[in-house]
Amino acid sequence: AQSVTQPDIHITVSEGASLELRCNYSYGATPYLFWYVQSPGQGLQLLLKYFSGDTLVQGIKGFEAEFKRSQSSFNLRKPSVHWSDAAEYFCAVTTGFQKLVFGTGTRLLVSP
Amino acid sequence: DGGITQSPKYLFRKEGQNVTLSCEQNLNHDAMYWYRQDPGQGLRLIYYSQIVNDFQKGDIAEGYSVSREKKESFPLTVTSAQKNPTAFYLCASSIDTTRFNEQFFGPGTRLTVL
């Protein structure tokens, strides 16, 4: 069965610094990969998704992610973090059917 | 504006009572989903529906029930059989379930059992 691992429960980044959130997946075939963001007490918003093609994917709010098949990873990056980026971030995988499997999330804290 | 609405935002229930969470979408999506979110566990799928009058169990369906009588609506009932119902519940929808289509999420309902 497919699974997603987000090894970092919490990450603290200074405002203006770069960010990388890690995501590793387990699935035998080509996965469809997603990053969602959740503000406290809110629903999830899609940041970006990877289906095929270019392994570097651009998303909203200045985020990007790189799919690395050899490492089974789909890490999320942002060159310069803003205080409004503080939220919880979820990586998810699907095999092409409708079932999304989520990681446990990484909470991002932004320090002044 | 198109989107997904969930009501109420906060819900309190006494032990032994059933409670129904509302989910409505005006995106004309065929597929709808219910997830449960607990701290440190991410989101887990409770039920999903691919089309009106059809639904399937997800990973943690025990103690929950759903109906899909209208395309726009997918209410979730948390029954007294659910042993630990306090959680944040999220509803989502997608165009359909063939290949992958992005799931759009509602704002959630926080259920607390007193």
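Predicted, not measured: the structure shown is a model, and the values here were computed from it.

Q: Any chance you could explain the overall build of chain A here in plain terms?
A: The helix and strand inventory of chain A stands at zero helices and 12 strands. Scanning chain A from its N terminus toward the C terminus, one meets helices and strands in the order β-β-β-β-β-β-β-β-β-β-β-β. Rg of the C-alpha trace for chain A: 13 Å, near the compact-globule value of 13 Å for 112 residues, within the 12% margin. Overall size of chain A, expressed as C-alpha extent along the three principal axes, is 40 × 30 × 20 Å. Burial status across chain A gives 48% buried among its 112 residues. Here the contacts in chain A between residues at least 6 apart in sequence split such that 53% fall between residues at least 24 apart. Total accessible area on chain A stands at roughly 5,100 Å², and carbon and sulfur atoms take up 50% of it.

Q: Whenever I open this one, the nonpolar core confuses me. Can you help?
A: Considering soluble globular proteins, one finds that nonpolar side chains tend to be buried as a cluster. Trp-35, Leu-48, Phe-74, Leu-76 and Tyr-89 of chain A are the most contacted members of the largest nonpolar core, which totals 27 residues. The set of elements that each furnish at least two residues to this core consists of β2 (10–14), β3 (19–21), β5 (32–38), β6 (44–50), β8 (64–68), β9 (73–78), β10 (87–94) and β12 (106–111) of chain A. For this core, the element with the highest residue contribution is β10 of chain A, accounting for four residues. In contact with Tyr-89 of chain A, not counting residues within four places along its chain, are Gln-6, Leu-21, Trp-35, Tyr-36, Val-37, Leu-47, Phe-63, Leu-76, Gly-105, Thr-106 and Leu-108 of chain A. Among the nonpolar cores identified, the runner-up in size contains 20 residues, and Tyr-47, Ile-60, Tyr-64 and Leu-111 of chain B belong to it.

Q: Would you explain the interface of chain B and chain A in this entry?
A: Interfaces are often sized by the amount of accessible area the parts lose when they come together. Contacts between the two partners involve 23 residues from chain B, matched on the other side by 21 residues from chain A. Of the roughly 1,800 Å² buried between chain B and chain A, counting both surfaces, carbon and sulfur atoms make up 56%. Viewed at the interface, chain A and chain B are joined by three residue pairs in polar contact (both at pLDDT 80 or more). Among the secondary structure elements, those contributing two or more residues to the side of chain B that touches chain A are β4 (31–37), β5 (43–51) and β9 (87–94) of chain B. Sorting elements by how many residues they give to the side of chain B that touches chain A places β5 of chain B first, with four residues. Of the residues contributing to the side of chain B that touches chain A, the split by class is 10 nonpolar, nine polar and four charged.

Thresholds, definitions, all that
Residues numbered from 1 in each chain as written. Chains lettered and ligands numbered in written order. Predicted model: local features only at pLDDT ≥ 70, side-chain atom pairs only at ≥ 80, totals over all residues. Heavy atoms only, no water. Helix = DSSP H or I, 4+ residues; strand = E, 2+ residues; numbered from the N terminus. Rg over C-alpha atoms; globule rule 2.2 N^0.38 Å. Buried < 20%, exposed > 50% of the residue type's maximum accessible area, 1.4 Å probe, protein only. Contact = heavy atoms within 4.5 Å. Areas by Shrake-Rupley, 256 points an atom, 1.4 Å probe, with all protein chains shown as cover. Core = buried A, V, L, I, M, F, W, Y, C linked by side-chain atoms within 4.5 Å. Buried area = accessible area lost by both parts, 1.4 Å probe. Polar contact = N/O pair within 3.5 Å; in protein donor to acceptor, adjacent residues only side chain to side chain. Nonpolar A, V, L, I, M, F, W, Y, C, P; charged D, E, K, R; others polar.

This is a description of form; function is not addressed.
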